[in-house]
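# Topology and contacts: notes
Residue-level listing of the chains:
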Amino acid sequence: GRASSATAQPEPSADPAKEVGRASSATEQPLADPMQEYQSDDFQALFFRVAGLTLAVPLKSLGGIHTLSKISPIIGKPSWFKGIMTEREEKLQVVDTARWVMPEKITPELEEKIEYQYLITLNDSPWGLLCEELVDSEPLHPDSIQWRSGVNEKRPWLAGVVRDRMCA
């Protein structure tokens with residue numbers, strides 16, 4: 001992509017989690033608590049690793065998994081916004097997962113060790129999380145998760161912790 005085409009991007013909101021969690025159509029009721037369905041039934045989750053941390057995303061929330069290709073940076077965005085990756089004519093907004101999830105742990109040494117290989121897109125949104133390694137997918141029982149209560153401004157992406165795997 002040429003540099004001039006990068007400026008015509010839709011503005012990413014300050015938080016991909018809010019972007020992904022919004023109701024997709026006007027007739028759909030906004031969910032009082034989007035986590036409620038996950039707290040009542042078993043669900044499949046994909047486990048992936050970023051900078052030594054294991055994260056899980058419900059397969060229902062998964063848009064797709066893409067092998068990483070060229071990312072075009074965009075000037076003036078937050079440090080966790082890596083840029084745009086074009087995949088089959090679609091412009092995907094790339095989130096540097098380590099910087100977004102644990103900004104306080106990012107050092108130049110750690111950053112040098114991170115080797116992102118995949119982009120995991122969420123729902124049908126253009127947002128994707130960078131990941132180093134896909135671990136596996138397995139069913140999770142709601143009771144095996146310590147659910148977060150209330151809104152956590154510092155970690156809007158954290159719904160809970162899978163106890164036996166100690167992952168977010």
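Predicted model only: the values in this text are computed from it and were never measured. (Residues numbered from 1 in each chain as written. Predicted model: local features only at pLDDT ≥ 70, side-chain atom pairs only at ≥ 80, totals over all residues. Heavy atoms only, no water.)

## What about the overall build of the protein chain?
Helix and strand counts for the protein chain come out as five helices and 11 strands. Residue pairs in contact within the protein chain that sit at least 24 positions apart in sequence constitute 55% of those at least 6 positions apart. As presented, the protein chain carries roughly 10,300 Å² of accessible surface, and 51% of it is formed by carbon and sulfur atoms. (Helix = DSSP H or I, 4+ residues; strand = E, 2+ residues; numbered from the N terminus. Contact = heavy atoms within 4.5 Å. Areas by Shrake-Rupley, 256 points an atom, 1.4 Å probe, with all protein chains shown as cover.)

## Some remarks on the nonpolar core
Generally speaking, nonpolar side chains in soluble globular proteins are found buried as a group. Counting residues in each nonpolar core, the largest one holds 28 residues, and the members touching the most others are F48, V50 and A98. Mapped by element, the contributors of at least two residues to this core are β1 (43–50), β2 (53–58), β5 (81–87), β6 (90–95), α4 (97–101), β7 (118–122) and β8 (127–131). A total of four residues in this core trace back to one element, the largest contributor, which is β8. Y38, F43, A45 and F47 belong to the second largest nonpolar core, which has eight residues in total. (Core = buried A, V, L, I, M, F, W, Y, C linked by side-chain atoms within 4.5 Å. Buried < 20%, exposed > 50% of the residue type's maximum accessible area, 1.4 Å probe, protein only.)

## Quick word on the confidence of the model for the protein chain
Averaged over the protein chain, the pLDDT score is 83; the fraction of residues at 70 or greater is 79%. Counting contacts from residues 1–13, a segment whose pLDDT is below 50, to residues more than four positions away or on other chains yields 13 contacts. Predicted confidence is poor over residues 19–29, with pLDDT under 50, and the contacts of this stretch with residues over four places away or in other chains come to eight contacts. (pLDDT = per-residue confidence, 0-100.)

## A few points about the packing of aromatic side chains
For any pair of aromatic rings, the description rests on two quantities: the centre-to-centre distance and the angle between the ring planes. As enumerated under the stated definition, the model contains five aromatic pairs in all. Each ring, one from W80 and one from W100, has its centre 6.5 Å from the other, and the planes form 45°; the classification is tilted. With W80 in the loop between β4 (71–72) and β5 and W100 in helix α4, the pair connects residues that are 20 residues apart, well separated along the chain. For W80, a relative accessible area of 12% corresponds to the buried category. What makes W100 buried here is its relative accessible area of 13%. Here the aromatic rings of W80 and W127 are separated by 6.2 Å at their centres, their planes lie at 45°, and the arrangement is tilted. You can see W80 sitting in the loop between β4 and β5 and its partner W127 sitting in strand β8, a full 47 residues away along the chain. Across the pair, W127 and W80 agree in class, each one buried. An aromatic cluster is defined as three or more aromatic residues linked by ring pairs; in this entry it consists of W80, F81, W100 and W127. Over the ring of F47 we find R165; its NZ or CZ atom is 3.7 Å from the centre of that ring. (Phe/Tyr/Trp six-rings, centres within 6.5 Å; stacked < 30°, edge-to-face > 60°. Lys NZ or Arg CZ within 6 Å of the ring centre and 35° of its normal.)

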